[in-house]
Amino acid sequence: MTDANREQVPAFDLAFQPAHGEAVPVAERVQRITVNNPGPFTFHGTNSYIVGDRSVAVIDPGPEDEAHFRALMAALKGREVTHIAVSHTHRDHSPLARRLKAETGAVIVAEGPHRSSRPLHAGETNPFSESSDTAFVPDVALSHGARIDGDGWSLTALLTPGHTANHAAFALDGTGILFSADHVMAWATTIVAPPDGSMAEYMASLDMLMQRDDRLYLPGHGGPVGDPAAFLRGLKIHRKMREYAVKERIRKGDRQIADMVKVIYKDTDPRLHGAAALSVLAHLEDLVERGEVVTDGPPLLKGIYLPA
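Cut-offs applied
- Residues numbered from 1 in each chain as written.
- Predicted model: local features only at pLDDT ≥ 70, side-chain atom pairs only at ≥ 80, totals over all residues.
- Heavy atoms only, no water.
- Salt bridge = Lys/Arg side-chain N within 4 Å of Asp/Glu carboxyl O.
- Helix = DSSP H or I, 4+ residues; strand = E, 2+ residues; numbered from the N terminus.
- Pairing = 2+ DSSP bridges.
- Contact = heavy atoms within 4.5 Å.
- Axes fitted to C-alpha atoms, helices over the stretch in contact; angles between N-to-C directions.
- Phe/Tyr/Trp six-rings, centres within 6.5 Å; stacked < 30°, edge-to-face > 60°.
- Buried < 20%, exposed > 50% of the residue type's maximum accessible area, 1.4 Å probe, protein only.
- Lys NZ or Arg CZ within 6 Å of the ring centre and 35° of its normal.

1. Remarks on the pattern of salt bridges
It is possible for side chains bearing opposite charge to pair when their charged atoms get close. A full pass over the atoms with the stated rule returns 20 salt bridges. Across the pair Arg147 and Asp173 runs a salt bridge, and its minimum N-O distance is 3.8 Å. One end of the pair, Arg147, is in strand β8 (residues 147-149); the other, Asp173, is in the loop between β10 (168-172) and β11 (177-181), and 26 residues separate them in sequence. Here Glu243 makes a salt bridge to Lys240, at a shortest N to O gap of 3.9 Å.

What follows is the structure in structure tokens.
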């Protein structure tokens, strides 16, 4: 990678005040309420969004959390909730949809139930199975480009698989605002962890978003992305640099993912090394599929990898 490419890697923004439990205006007729569920994968917590004025949609109601439910209901008091839009079925985003529907009568819309990006290989386990909301079923399954119409607002579903197979972003029509959920976040790169996620699908979803001209992203964790076009270019370069680093480690003799992670992620919080190993696996799945790396059998966490 050239020095020019390195300069284009996104500058991640950690300056975020979560204001847990408060409805914070973030755009015209858009409010954010952040769940008090901080962690290495959630940053300061999961963001729920309320779109509209008297008649509204809730995007990503969040986990089954009593304090957050009360905060949502307080912010929604006196307003009609017509739709609950869910970006994907990880337990920090979707479970509260059921309780919110029971309370408000709103329609739940999403791409579909939880599923993996590919079947499990023989002897493989899904390390994120406990994080998946397998009980979730939307009332309406959304295709790419489907519109959700409300009173004075409309959302367009943009299917963005990669982080999960059923991940969707939502464009607030006529505003240039995109609710990017966990596909694009200002504070960190997205976890792409097989078999839940797919690097090939993630990169294709990035390319799709790069064809748009949105002016503001409101993510599922952390603060907004103010220059989406530049940030997306940086994310793509960052992923390509990671791919290059994986190929370099193999070229230099590393044969297993654990050895690659020790070098590539030496400056990363050790709590994230398990997720880093899955990210390397995601890259290797893509590289094996493209014929640039070889392995005996399907790509696995403990597999042996060689240059093609």
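2. Describing the sheet that holds strand β7 (residues 140-141)
The strand order across the open sheet formed by seven strands is β1-β2-β3-β4-β5-β6-β7, and the pairing between neighbours is mixed. Two strands close off the open sheet at either side, each with one partner strand: β1 (24-27) and β7. Contacts between helix α3 (residues 96-104) and the sheet are confined to β4 (55-59), β5 (80-85) and β6 (107-110), with β5 contributing the most and set at about 155° to the helix.

3. Some points on the packing of aromatic side chains
Scanning all chains against the criterion turns up five aromatic pairs. Taking 4.5 Å as the distance between ring centres and 5° as the angle between the ring planes, the aromatic pair formed by Phe43 and Trp187 counts as stacked. With Phe43 in the loop between β2 (30-34) and β3 (47-52) and Trp187 in the loop between β11 and α4 (199-210), this residue pair connects regions lying 144 residues apart in the sequence. For Phe43, a relative accessible area of 13% gives the class buried. Members of the aromatic cluster, each reached through a chain of ring pairs, are Phe16, Phe43 and Trp187. Just above the ring of Tyr265 sits the side chain of Arg242; from NZ or CZ to the centre is 4.4 Å.

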